[in-house]
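Fold and geometry: a report
Below are the chains, spelled out letter by letter.
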Amino acid sequence: MAASINTEALTRIPLPAILSDHGYGLQQTGPGRFLAESPDHAERLSISRLPDGKWLYRDQNHHDNKGNALHFMQAHGHPDFQVAANALTAYTQPERRAEAQSLLNDLDHRYRDAGRDELQRFNTEIPLNRLAEAHGWVMDVKESTRTWEKYRSPSGDAIVINPAKNMYFHQQNKDHDKGGVIQFTQAHVLNNGSLGDARKYLRDFAGDKRADWQIEAQQRAASTPLALQIENRKDEWKALPTLTPKSLRYLTDQRGLDIKTIAAYGDRSMRTDIYRTPAGGELHNVAFANVAVDQDNKAVLSGWEKKGAGTEKSFSGFHGQRGITVFKHKDFNSRDERPPEDVGTCQKMVLCESSIDALSKAQMDSCRPGDIYVSTGGTTSAAAKKALAALIQKNQPQEVILAFDNDTAGHGYARQMEEHLAEQSQTPGMPFSIRKEFPEGAKDWNEVLKPKTMDSRPREPQRTEPEGIPGPGRGTAPSQDHSDQSTSHAMNMEAENILARIQTNAPTLDTKWKSAIDRACRKPEKKRSIER
């Protein structure tokens, strides 16, 4: 009769359900792991569910008390194997299986809720900037503001921390390396450790164990001025070099911007921010000037957005204080290029989330001299709104176009900005219409621009042997690329003239610049001359 007992099925009965019926207190401690304590507190059982579905237990207080469900029943009132098996058979019935599954679900929900509570407690109790300092990170005071603190690791890594929100992002990999205390611990303390490892590690830093952190954070908050003091960084901006071959190549080759677009808007708004790596190399990032309104209601150059080539995605950074970036065409005030009645007036003001998107939209709109393009820097902050209000009041556009990204955040920015501008448009003497325009079939305007510009650029033709002309004394046909060469030469000369105006610090173009222009225009002149 014992042979007919299906022990495989009995060992797959959820042990927590059996222990619950015997009055044990239960707690889930991990995926497939539980802790059970007997009513008299004599037994403390560790329970595990194996990958094949079987359940095992082990008593932490009595090492001989271990096994599966049959062993538990034999040790707790049913010493005969057959009796123990018969008692367990009831748990194989559909109703009892449903009850057991309901119990497991309830324990899992409690486990997940407890985990969420612990994660929230970590983010509440552990100041991220203090945790970073405890692991060797040092604040870069010159690159920090009252809102964002920049920290550098001993190896040269750079992150930016917002103490008020207790969040951070990595400067070179902001899309993938960002978050709160947990994410920082996993990425930069445990070298991509698991969530469970991060939990165990941070328990030594939570609560009252580091009370000095909380006191210091409160003191820092109390000493922080309520009003943001805007600093004029015009001299710092002027010290930056103008566009270099590397920064130019990022705009043309990777972002699809035309060299004429760069020339039309680059004289005041673009420079190069050079970062020197610990290994001795140089990263040439494009700097886009940000304008903000200071305490005296004067527009000042408050900082600059930095964009450049990264290992996987483009690098994004910032120096100084955020405002807005204004792209005004070089012929905006030109009487030779615009009708006299239109000189200095703004027909359309187009708002985008980033400088690259603003330039992309301007290029798609044919770089009209009467339109102004503005980057809000991906924020609708009070500083950005104040600077935008001053810009609108000065230029009095006929229409403001909200051309933000075509995603949830972009649509949210558009709604907020539309509500904000609706009040300003009612100001006497400054009426303007407002409309929204989103990139069709893409997230942002640069995604729309790049395929068009890359596909339209002339490609270098494959070199083939001259075509033979049959017949006596005919020889070969002459080369057919003379017209291509003359057109390419004319375009390169035009590009040189355009960039010479931007390169005010070096009016004559050297060999490096000539090579950069050739690459930007993607002309095969140099290679052809070598082959000839």
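Anything mentioned here points back to the structure above.
First, a word on scope: everything that follows refers to the structure included in this document. (Residues numbered from 1 in each chain as written. Predicted model: local features only at pLDDT ≥ 70, side-chain atom pairs only at ≥ 80, totals over all residues. Heavy atoms only, no water.)

Section: the packing of helix 14 (residues 382–395) against helix 15 (residues 408–424)
For the record, the criterion: Fitted lines through C-alpha atoms serve as axes, helices being fitted only where they are in contact, and the angles separating the N-to-C directions of these axes extend from 0 to 180 degrees. Strands here mean DSSP runs of E at least two residues long; helices mean DSSP runs of H or I at least four residues long; both are numbered from the N terminus. In these notes the angle categories are as follows: under 35 degrees is roughly parallel, over 145 is roughly antiparallel, 65 to 115 is roughly perpendicular, and the rest is oblique. Helix crossings fall into two classes, left-handed where the near helix is turned counterclockwise from the far one by less than a right angle and right-handed where it is turned clockwise. By definition, residues are in contact when any of their heavy atoms lie within 4.5 Å. Ten residue types, Ala, Val, Leu, Ile, Met, Phe, Trp, Tyr, Cys and Pro, are classed as nonpolar, four, Asp, Glu, Lys and Arg, as charged, and the remainder, Gly among them, as polar.
Packing of helix 14 against helix 15 leaves a shortest axis separation of 12 Å and a crossing angle of 40 degrees. On the basis of their axis angle, the class for helix 14 and helix 15 is oblique. Relative to helix 15, helix 14 is oriented so that their crossing is right-handed. Residue-level contacts link K385, L388, A389 and I392 of helix 14 to M417, H420, L421 and Q424 of helix 15. Of the residues that constitute the contact of helix 14 with helix 15, the class distribution is five nonpolar, two polar and one charged.

Topic: the pattern of salt bridges
Two side chains with opposite charge may pair up if their charged atoms get near one another. Just so we agree on the cut-off: In the sections that follow, a salt bridge refers to a side-chain nitrogen of Lys or Arg positioned within 4 Å of a carboxyl oxygen of Asp or Glu. Exposure is judged per residue with a 1.4 Å probe applied to protein chains only, and the accessible area is read against the type maximum: over 50% gives exposed, under 20% gives buried, and values in between give partly exposed.
In total, this model carries 21 salt bridges according to the counting rule given. The partner of R152 in a salt bridge is D140, and the shortest N-O contact between them spans 3.0 Å. Here D140 lies in the loop between strand 6 (138–139) and strand 7 (149–152) and R152 lies in strand 7, a separation of 12 residues in the sequence. Accessibility expressed as a relative area gives 17% for D140, which makes it buried. Salt bridges here are not isolated pairs; linked through shared partners, they connect K361, D365, R368, D371, E399, R435 and E437.

Topic: the sheet that holds strand 9 (residues 167–170)
Where we set the bar: Pairs of strands are assigned from DSSP output, requiring at least two bridges between the strands.
The five strands are arranged 6-7-8-9-10 in an open sheet whose pairing can be described as antiparallel. Looking at the sheet topology across the chains shown, the edges are occupied by strand 6 and strand 10 (178–179). In this sheet, strand 10 lies alongside strand 9 in antiparallel orientation, the contact comprising two bridges. Paired with F169 across the strands is K178, a residue of strand 10. Contacts from helix 7 (residues 181–189) reach strand 8 (158–162), strand 9 and strand 10, with the element oriented near 35 degrees to strand 9.

Observations regarding the pairing of strand 13 (residues 299–308)
Two faces belong to every sheet, and in a regular strand the side chains alternate between them. Taken across its 10 residues, strand 13 has nine buried, putting it largely inside the fold. Note: strand 12 (residues 282–293) against strand 13, eight bridges, orientation antiparallel. By the bridge assignment for strand 13, V291 is matched with L301. Between strand 12 and strand 13, which pair antiparallel one after the other, the connecting turn spans five residues, and N297 there sits at a positive phi close to 60 degrees.

Quick word on the packing of aromatic side chains
Rule in force here: Aromatic contacts are taken between Phe, Tyr and Trp rings whose centres are within 6.5 Å, Trp giving its six-membered ring; a plane angle under 30 degrees counts as stacked, one over 60 as edge-to-face, and the others as tilted.
For the structure shown, the criterion picks out 10 aromatic pairs. Judged by centre distance (5.8 Å) and plane angle (70 degrees), the ring pair of Y24 and F72 falls under edge-to-face. Taken as a pair, Y24 in the loop between helix 2 (15–21) and strand 1 (25–30) and F72 in helix 3 (residues 69–75) lie far apart in primary sequence, 48 residues in all. Classification of Y24 by relative accessible area gives buried; the value is 8%. Using a relative accessible area of 0% as the deciding quantity, one classes F72 as buried. Linked through ring pairs, Y24, Y57 and F72 together constitute an aromatic cluster.

Points about helix 14
Residues separated by three or four positions in an α-helix point in the same direction, a consequence of the helix having 3.6 residues per turn. As a reminder of what qualifies: One less than the residue count of a helix, multiplied by 1.5 Å, gives the span that helix is expected to have. Directions pointing from the helix axis toward each C-beta atom define the arc.
When the terminal C-alpha atoms of helix 14 are compared, their 20 Å separation across 14 residues agrees well with the 20 Å that a helix rising 1.5 Å per residue should span. Within helix 14 the residues assigned to the buried category are A384, A387, L388, L391, I392 and N395. Angularly, the buried residues of helix 14 cover 140 degrees about the axis, an arc narrow enough to put them on a single face. In helix 14, those exposed residues whose orientation departs by more than 90 degrees from the buried face are A382, Q393 and K394.

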